[in-house]
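Chain and residue survey
The chain contents come next:
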Amino acid sequence: MNRIVHIGTGAFHRAHQAWYVAAAGDWRIDGVSLRSAGVRDALARDDYVYALEIADANGRRIETIDVIDSVTVAPEEPKTVARLIARPETQLVTITVTEKGYHLHPDGTLDLGALADDVVALRAGEPPVTMPGHLLAGLAARDAPLTVMSCDNLPANGEKLRAALLVLAEAVGVAADRVTRHRFPSTMVDRITPAVDDELRARVAAAGAPSHAPVATEAFSEWVIEDDFAGPMPDLAAASAQIVKNVAPFELRKLRMLNGAHSTLAYAGLNKGLTYVHEAVTDTDLRALARGVMNEAAETLPDAVRGDAAAYADALLARFENPHLAHSLAQIAMDGSLKLPIRILGTMADRTDSPACARALREWESWLDAEFAAGRMPDDPAAEALRDGRAKGQRARELLEGAI
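Rules used throughout
Residues numbered from 1 in each chain as written. Predicted model: local features only at pLDDT ≥ 70, side-chain atom pairs only at ≥ 80, totals over all residues. Heavy atoms only, no water. Helix = DSSP H or I, 4+ residues; strand = E, 2+ residues; numbered from the N terminus. Buried < 20%, exposed > 50% of the residue type's maximum accessible area, 1.4 Å probe, protein only. Contact = heavy atoms within 4.5 Å. Areas by Shrake-Rupley, 256 points an atom, 1.4 Å probe, with all protein chains shown as cover. Lys, Arg positive; Asp, Glu negative; His and termini not counted. Charge placed at Lys NZ, Arg CZ, Asp CG, Glu CD. Pairing = 2+ DSSP bridges. Axes fitted to C-alpha atoms, helices over the stretch in contact; angles between N-to-C directions. Salt bridge = Lys/Arg side-chain N within 4 Å of Asp/Glu carboxyl O. Core = buried A, V, L, I, M, F, W, Y, C linked by side-chain atoms within 4.5 Å.

**Description of the overall build of the protein**
Counting secondary structure elements, the protein contains 19 helices and 11 strands. Each of the three principal axes of the protein carries a C-alpha extent, and together these read 55 × 50 × 45 Å. Counting only residues that meet the buried cut, the protein has 54% of its 404 residues in that class. Considering only contacts within the protein whose residues lie at least 6 apart along the sequence, 76% involve residues at least 24 apart. Only carbon and sulfur atoms are counted for the fraction: they give 49% of the accessible area of the protein, which is about 16200 Å². With 42 positive and 57 negative side-chain charges, the protein shows a separation of 1 Å between the mean positions of the two kinds.

Right, here's the structure in full:
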């Protein structure tokens, strides 16, 4: 049987890629957790079968997903990750580790200094720690071509991942063809997946479904994949994924319109004392602000997707209003220093005037100031630099361009 190795077995993977693979049939997934054993332990209690609660304006329903066979916790079994990637039956590697898991500079190139320990380990033939390190170790041990698919919110994610691995390969003395023989299609993924809470666990248990590792999500789901594969693939198109020649227009629309509006609502909503997206989007002022960000973003999009941008914005607002999806603003607010350059600054760079996006940056500044004043550090890899920058009076653009 053909198999998939997925790196980053969090809630989004189980709501999105695993759901598609289950619908496609005949393929199985072996997961990899780069840090915690928590997901592995929870899934194992139900033999890796889990409940997916799907919510829309009409209510909730539960699907039981049985497509994951194992989860390897990399710190416990560091050499197993490369073996899983290198084995012949693995035909596809998928990845969801968030933007910071790629260790990229703001310009999208690999921050090799952040991988210094991995460089030393790989040169010595020892197992690495990071996602790029584990992936390179697996590819270096493999001869047959493999499809490696980033499913994180990075523009041209496949291209960036391939380029990063080539830089790492050169640093550790791995031949470039150990990377270039494989295919790295870019993808765009979209499905709102809020954090798991006790209420979800209680609803799932009451329904008699596997309750130890449930996931909540919305009815809408989208997966756009570049048609660039090294070998066999699950029939994802039959499961409603779109296989296209060029992902970039879809990716840009999602990052600037959906993700840009999400980040805007997160900071502006938190500044107003709100908790959830559906609360923020029903605030008249914040709804207008989010729509303004979308409208500004729409004017920067390629012709291939600009024509339906207004309808796309309407659909986004309807999705945000979903009262059965408790999507936390604080969850979206994480890692702003990595997200905002892609979600907001990109739009501003392509326009002469972007008042809604400019306000989004001011809302981020205000939120940062409130966090620091309360003695809290934001969940952001550049938290200390952001704190020091705001103490010096640096504005959002200075923070985003110089603090990380």
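Okay, back to it.
**Considerations on the sheet that holds strand S2 (residues 28–33)**
What the five strands build is an open sheet, ordered S5-S2-S1-S6-S7; its pairing is parallel. Only two strands of the sheet have a single partner each, and these edge strands are strand S5 (68–73) and strand S7 (147–150). When the angles between neighbouring strand axes are averaged without regard to direction, this sheet yields 20°. Inspection of the sheet shows strand S6 (residues 90–95) paired to S7 by four bridges, in the parallel sense. The residue bridging Val-93 from the neighbouring strand is Val-148, located in S7. Here helix H6 (residues 131–140) sits on the sheet in contact with strand S1 (3–7), S6 and S7, set at roughly 170° to S6.

**Focus on the pattern of salt bridges**
The tally for this structure, following the rule as stated, stands at 33 salt bridges. Here Asp-177 ties to Arg-181 by a salt bridge, and the two come within 3.5 Å at their closest N and O atoms. Residue classification places Asp-177 among the partly exposed positions, given a relative accessible area of 39%. The class for Arg-181 is partly exposed, based on a relative accessible area of 27%.

**Examining the pairing of S1**
Regular strands place their side chains on alternate faces of the sheet. For S1, the buried fraction is high: five of the five residues fall into the buried class. Along S1, one buried face is formed by Arg-3, Val-5 and Ile-7 and the opposite face, lined by Ile-4 and His-6, is buried too. Note that S1 and S2 share five bridges and pair parallel. Residue Val-5 lies in a different strand from S2, and its bridge partner there is Asp-30. Sheet topology note: the S1/S6 ladder contains five bridges and is parallel.

**A look at unusual backbone geometry**
The backbone phi angle of Asp-47 is positive, close to 55°, even though this residue is not glycine. Within the element layout of this structure, Asp-47 appears in the loop between helix H3 (38–44) and strand S3 (50–56). With a relative accessible area of 64%, Asp-47 lands in the exposed category. For His-103, which is not a glycine, the phi torsion comes out positive at approximately 55°. With respect to the helices, strands and loops of the structure, His-103 is situated in the loop between S6 and helix H5 (116–123). Of the residues examined, His-103 reaches a relative accessible area of 25% and is grouped as partly exposed.

**Focus: the nonpolar core**
Met-257, Leu-265, Met-294, Phe-320, Ile-344, Leu-361 and Trp-364 are the most contacted members of the largest nonpolar core, which totals 53 residues. If near-sequence neighbours (up to four positions away) are discounted, Trp-364 is found in contact with Tyr-267, Gly-336, Ser-337, Leu-340, Leu-386, Ala-396, Leu-399 and Leu-400. Counting 37 residues, the second largest nonpolar core, distinct from the first, contains Val-81, Leu-104, Ala-137 and Ala-169.

By themselves, these figures tell us nothing about what the structure is for.
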